Amino acid sequence: MVDKALNCFLESWPRSKSFDKNGRNWYGPFNPKEECSGNGLIRSGYRWLDRRKSKEDWIVKGFLLNPNLKLSAEQLMGVNNLLTPTVIRGIYATLPSQGQSEFPLHPHVDTHPFSLGVVTYLMDISSPGAGAFTVWPESHLKMNYSFINKVGEQKTFDHNIILRETLDQINPLEILAQKGDLIFWHHRLIHAAGINHSITPRVALFADLFHSQFKLLMIESSCVNLWKDWSPQLR
């Protein structure tokens, strides 16, 4: 599944598939003729977001219905607390920036409703600066209270203040991993697409997982114990 997903990216690459030893063919940003937005595909700047395969049977079964993913997710969310997933976010890529400082790092908290995020790289990311998924460890413990409910997009009046203070207090961490490894993150964790100063794109699958009590959590106050609905190990 991982190799097939990577081939989906390679087959729709807008430039020649041949590239020199320095990898110049992969460098961003996309030029205006290469950029696009529509029909499930976005190419802009250094980012590639491909959602065209998100509901296809092979990618949902191979990624989200993989027994290892279910076992790992239930260790975090609790046994029988995981809704059966039916769609992934998509195949996301970050282009390399030739070591230039212009590549933007955009730390953020996702506001669309979900419980647990999961990402798997489609190639090894074994060294810093290669576009690794970047997180601000334990930032979810603070950012949880910058939203009105446990799940959902309604922010408190001081959300941006809490975000800025948290970014000032916590150093980001790049998550290095091998192809096919599973990386999970709490939906209130600050994260970003990592800066890519390598010679190849960082290509990964992203998806959202949902707690079985997901709809109730959307109306439950964020002030209630953060871990109340998660596994006993996390509590």
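Quick note: structure is the one above.
Report on the accompanying structure. (Residues numbered from 1 in each chain as written. Predicted model: local features only at pLDDT ≥ 70, side-chain atom pairs only at ≥ 80, totals over all residues. Heavy atoms only, no water.)

Glancing now at helix 2 (residues 57-64). Taken as a whole, helix 2 has its buried residues at Trp-58, Ile-59, Val-60, Phe-63 and Leu-64. Contacts from the buried residues of helix 2 go to helix 1 (2-11), helix 3 (67-77), strand 4 (90-94), strand 5 (116-121) and strand 10 (202-209). (Buried < 20%, exposed > 50% of the residue type's maximum accessible area, 1.4 Å probe, protein only. Helix = DSSP H or I, 4+ residues; strand = E, 2+ residues; numbered from the N terminus. Contact = heavy atoms within 4.5 Å.)

The next subject is the pairing of strand 10. With eight of eight residues buried, strand 10 lies mostly within the body of the structure. Of the two faces of strand 10, the one lined by Arg-202, Ala-204, Phe-206 and Asp-208 and the one lined by Val-203, Leu-205, Ala-207 and Leu-209 are each fully buried. Two strands pair when backbone bridges link them, and strand 4 and strand 10 are joined in this way by five bridges, in the antiparallel orientation. Pairing of Ala-93 across the sheet is with Val-203, part of strand 10. Two elements, strand 5 and strand 10, share six bridges in a ladder whose sense is antiparallel. Each bridged residue has a counterpart across the sheet, and for Gly-117 the counterpart in strand 10 is Asp-208. (Pairing = 2+ DSSP bridges.)

Across four bridges, the pairing between strand 2 (residues 41-44) and strand 3 (residues 47-50) is antiparallel. When the bridges of strand 3 are listed, Arg-43 appears paired with Trp-48. Hairpin connection from strand 2 to strand 3: two residues lie between these consecutive antiparallel strands, with Gly-45 at a positive phi of about 60 degrees. Pairing of strand 3 with strand 4 involves four bridges; the strand directions are antiparallel. Within strand 4, the position partnered with Arg-47 by the bridge is Thr-94.

The next subject is the sheet that holds strand 5. Judged by pairing direction, the sheet is antiparallel, and its seven strands sit side by side in the order 1-2-3-4-10-5-8 without closing on themselves. In this open sheet, the two strands that pair with only one neighbour each are strand 1 (36-38) and strand 8 (183-186). Taking each pair of neighbouring strands and ignoring which way they run, the sheet shows an average axis angle of 20 degrees. Taken strand by strand, helix 2 contacts strand 4, strand 5 and strand 10, and its axis lies near 80 degrees from that of strand 10. (Axes fitted to C-alpha atoms, helices over the stretch in contact; angles between N-to-C directions.)

With that out of the way, let us pick up a nonpolar patch on the surface. Side chains of Leu-216, Met-218 and Ile-219 sit close together on the surface and give an oily, nonpolar patch of about 300 Å² of accessible area. Mapped onto the elements of the fold, Met-218 is located in the segment after helix 6 (214-217). Residue Met-218 is classed as partly exposed on the basis of its relative accessible area, which comes to 31%. (Patch = residues over 30% accessible without salt bridge, like charges linked within 9 Å, V, L, I, M, F, W, Y side chains within 5 Å. Areas by Shrake-Rupley, 256 points an atom, 1.4 Å probe, with all protein chains shown as cover. Salt bridge = Lys/Arg side-chain N within 4 Å of Asp/Glu carboxyl O.)

Ranked by size, the top nonpolar core spans 49 residues in total, and within it Phe-9 and Ile-91 carry the most contacts. When residues in this core are grouped by element, the largest group, six residues, is from strand 10. The residues touching Ile-91, leaving out its near neighbours within four places in the chain, are Ala-5, Cys-8, Phe-9, Trp-48, Leu-49, Asp-50, Ile-59, Leu-122, Val-203, Ala-204 and Leu-205. (Core = buried A, V, L, I, M, F, W, Y, C linked by side-chain atoms within 4.5 Å.)

Another point: the packing of aromatic side chains. Tallied over the full model, the rule gives 14 aromatic pairs. Taking 5.7 Å as the distance between ring centres and 50 degrees as the angle between the ring planes, the aromatic pair formed by Trp-13 and Phe-30 counts as tilted. Remark: Phe-30 occurs in the loop between helix 1 and strand 1 and Trp-13 occurs in the loop between helix 1 and strand 1; sequence separation between them is 17 residues. The burial state of Trp-13 is the same as that of Phe-30; both residues are buried. Look at Phe-210 and Phe-214: their rings are 4.9 Å apart centre to centre, the planes differ by 85 degrees, and that puts the pair in the edge-to-face class. Phe-210 gets classed as partly exposed once you look at its relative accessible area, which sits at 25%. (Phe/Tyr/Trp six-rings, centres within 6.5 Å; stacked < 30°, edge-to-face > 60°.)

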